[in-house]
Amino acid sequence: MAAELHVELVAADRSVWSGEATLVVARTTSGDIGVMPGHQPLLGVLESGPVTIRTSDGATVIAAVHGGFISFADDKLSLLAEIAELADEIDVRRAERALERAKSDTDAASERRAEVRLRAVSAH
């Protein structure tokens, strides 16, 4: 069994993060899933939520992901997201304003995106 897996986190408009990891936790339509080296092959649909990547050097990378797909085979994990942002790219004040705006507009989808962004930052 390999000690690490290769991870590619890609958004529709860019490559967000790529590297070696020991664990990735993501939210799918079936619930949260943790993927480690040697995991069974899988293909799933990503829900909006934070993705946590434990890198091979012991660091933690957190991203806010909004929809997409997760695929794993041969110790290669692909996270193909509609929208993805690393936690340190998120402007907290802007995300808080977006959350307030979404709540006042009763826009559930926008409210969910803003909440995910803020959860990703607070977990970072």
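Values in this document were obtained by computation on a predicted structure and should not be read as measured data.

A. Quick look at the packing of helix α1 (residues 92-104) against helix α2 (residues 108-123). Relative orientation of the contacting elements α1 and α2 amounts to 150°, with a least axis distance of 8 Å. Comparing the axis directions of α1 and α2 gives the class roughly antiparallel. With respect to the hand of their crossing, α1 and α2 are arranged in left-handed fashion. Together, V92, R94, A95, E96, A98, L99, A102 and K103 of α1 and S110, E111, A114, E115, R117, L118 and V121 of α2 make up the contact between the two elements. Looking at the contact of α1 with α2 residue by residue, the classes come out as eight nonpolar, one polar and six charged.

B. Summary view of the environment of S71. With respect to the element layout, S71 can be found in strand β6 (residues 60-73). If we skip the residues at most four places from it in the chain, S71 touches L42, L43, K76, L77 and S78.

C. Molecular detail of the pattern of salt bridges. Counted under the stated rule, the structure contains three salt bridges. A salt bridge links R14 to E89; the shortest N-O distance between them is 2.6 Å. Of this pair, R14 sits in strand β2 (residues 14-28) while E89 sits in the loop between β7 (76-86) and α1, and the two are 75 residues apart along the sequence. Owing to a relative accessible area of 31%, R14 belongs among the partly exposed residues under this scheme. For R117, the salt bridge identified is with E85, shortest N-O distance 2.6 Å. Note that R117 is positioned in helix α2 and E85 in strand β7, a separation of 32 residues in sequence. A relative accessible area of 11% places R117 in the buried class.

Conventions adopted
- Residues numbered from 1 in each chain as written.
- Predicted model: local features only at pLDDT ≥ 70, side-chain atom pairs only at ≥ 80, totals over all residues.
- Heavy atoms only, no water.
- Axes fitted to C-alpha atoms, helices over the stretch in contact; angles between N-to-C directions.
- Helix = DSSP H or I, 4+ residues; strand = E, 2+ residues; numbered from the N terminus.
- Parallel < 35°, antiparallel > 145°, perpendicular 65-115°, else oblique.
- Left-handed = near helix turned anticlockwise from the far one by under 90°.
- Contact = heavy atoms within 4.5 Å.
- Nonpolar A, V, L, I, M, F, W, Y, C, P; charged D, E, K, R; others polar.
- Salt bridge = Lys/Arg side-chain N within 4 Å of Asp/Glu carboxyl O.
- Buried < 20%, exposed > 50% of the residue type's maximum accessible area, 1.4 Å probe, protein only.

In short, geometric facts, not functional conclusions.
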